[in-house]
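# Overview (structure and organization)
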Amino acid sequence: MDINNIKRIVFKFGTNVLRNDEKEISLSRVYSFIEDIAKLHRKGKEIIIVTSGAVGLGSKQLNVDSAESLAIKQACAAVGQCRLMSIYEDGFGKYSINTAQILLTEDDFSNRIKYLSLSNVLNTLLELRVIPIINQNDTVSSSELEGTDNPIFSVSFSDNDKLSALVASKLDADLLVILSDINGLYNDNPKENPNAKLITDVKDITGEITGYAQSASQGGRGGMKTKLEAAKVVTHSGGFVIIANGKSPQVIKRLFDGEKMGTTFYPVEQLSQKRRWIAYATNITGQILVNEGAKKAVTEKNKSLLPLGMLQINGIFDCGDVVSILDESKCEFARGIANYSSDDCKKILGEHSDNIYAILGHKNYDAVITKDNIALL
């Protein structure tokens, strides 16, 4: 990676990087980030920032425990977001750089129209030399804060690691820099194993690599697992990812001076914009379990999914929704846009396409999911 040729960059700041040991905002560190980013901005780089920290700052300011209830967390987010944005606005203002606050929910990605509109807004801001400051809208969106008990339902993002990856993917960013409180990806947990080794370069996120992921750090919602998921999204969108320690002095300056820090993930085979949206940016409410023949047809022969190959329907979905496609071992291997609702799919389960009209009284397509609307995972 030639760092000097990088044009469009997304920076993601984790909660623990923005705070000091007393859980207060670390102004010296934040302003150091702002100073180094301002220098990159003056060089013509296009910058987007995805920031955590609103809930933590709000809980400190209100002197409450944000884990007390969902309503308390949302209140903390509302108060903390104001303080967080004022710091960025003041800091970049000293360098005569305009900023814009953008608060997002999962629906802004899972809804195709909103997804395309978001892209237009962000690109326009970048053309105007504005730095967008992005965070999840925790005050109105509870999925990130409390999760869900539905084993089938999954949202497009549930933490700011994935949010930063979706933003980077949508904007075709050259690089995503995730600054955390860890040096990068290790082959074991360095906090528990002093002999754990830092992995400096990852060409492909294999099963072995994902096995190195650890659980979330205290104070944040992410962890190495979510960072690897984010890296997978960006590398499949043609971008690089660097995970580095944001508490290292002048980390941004050193990275862009060419110093090797943290773990670098390299681009792999690139998905189209539409398939990126299907694979990574949508909420999932349903599953289609298929037989081995259907799996091979989809994965090896680039064929559509026919009703004949369906074994089981889980969850509730409508025509036009994105669903998970599972093999007989219940492993998700693809996602796709359904041509029929879950109720209709159950009625034509295992049937030949020629029988669809006779069973349903209507026929949209021969395929349950057409090949152009399938994204392999």
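## Regarding the packing of aromatic side chains
Scanning all chains against the criterion turns up six aromatic pairs. Residues F11 and F13 carry aromatic rings whose centres are separated by 6.3 Å and whose planes lie at 20 degrees to one another, so their mutual orientation is stacked. Taken individually, F11 and F13 each receive the classification buried, so the pair is uniform in this respect. A ring pair is formed by F11 and F256, whose centres lie 6.1 Å apart and whose planes are at 50 degrees; its orientation type is tilted.

## Let's talk about helix α10 (residues 224-235)
Between its first and last C-alpha atoms α10 spans 16 Å; for twelve residues at 1.5 Å apiece the expected length is 16 Å, and the two agree. Most of α10 is tucked away: nine of the twelve residues are buried. The complete set of buried residues in α10 reads M224, T226, K227, L228, A230, A231, V233, V234 and T235.

## A look at the confidence of the model for the protein
Low pLDDT marks stretches whose predicted atomic positions should not be read closely. This prediction gives the protein a mean pLDDT of 89; 93% of its residues lie at or above 70. Here residues 144-150 is modelled with pLDDT under 50, and outside its nearest four sequence neighbours on either side it reaches 15 contacts, counting other chains as well. In the predicted structure, residues 215-221 sits below a pLDDT of 50 and forms 18 contacts with residues beyond four places in sequence or in another chain.

## Some remarks on the sheet that holds strand β4 (residues 131-136)
Strands belonging to one sheet form pairs held by backbone hydrogen bonds; the direction of such a pair is parallel or antiparallel. Strand order in the open sheet made by the eight strands is β3-β4-β2-β1-β5-β9-β10-β8, with mixed pairing throughout. Edge positions in the open sheet fall to β3 (99-104) and β8 (201-202), since each of these has one partner strand only. Bridge count for strand β2 (residues 46-51) against β4 is two bridges, and the pairing is parallel. Bridge assignment links V50 to a residue of β4, and that residue is I134. Strands β1 (8-13), β2, β3 and β4 of the sheet are contacted by helix α4 (residues 70-93), whose axis makes an angle of about 155 degrees with β3.

## Quick notes on the packing of helix α2 (residues 27-42) against α4
Running from amino to carboxyl end, α2 crosses α4 at an angle of 45 degrees, the nearest separation of the two axes being 10 Å. In terms of their interaxial angle, α2 and α4 are classed as oblique. Crossing angle aside, the handedness with which α2 passes α4 is right-handed. Of the residues in α4, those in contact with L27, V30, Y31, I34, I37 and A38 of α2 are I87, Y88, D90, G91 and F92. Here the residues of the contact of α2 with α4 sort into nine nonpolar, one polar and one charged.

Definitions and cut-offs
Residues numbered from 1 in each chain as written. Predicted model: local features only at pLDDT ≥ 70, side-chain atom pairs only at ≥ 80, totals over all residues. Heavy atoms only, no water. Phe/Tyr/Trp six-rings, centres within 6.5 Å; stacked < 30°, edge-to-face > 60°. Buried < 20%, exposed > 50% of the residue type's maximum accessible area, 1.4 Å probe, protein only. Helix = DSSP H or I, 4+ residues; strand = E, 2+ residues; numbered from the N terminus. Expected span 1.5 Å × (residues − 1). pLDDT = per-residue confidence, 0-100. Contact = heavy atoms within 4.5 Å. Pairing = 2+ DSSP bridges. Axes fitted to C-alpha atoms, helices over the stretch in contact; angles between N-to-C directions. Parallel < 35°, antiparallel > 145°, perpendicular 65-115°, else oblique. Left-handed = near helix turned anticlockwise from the far one by under 90°. Nonpolar A, V, L, I, M, F, W, Y, C, P; charged D, E, K, R; others polar.

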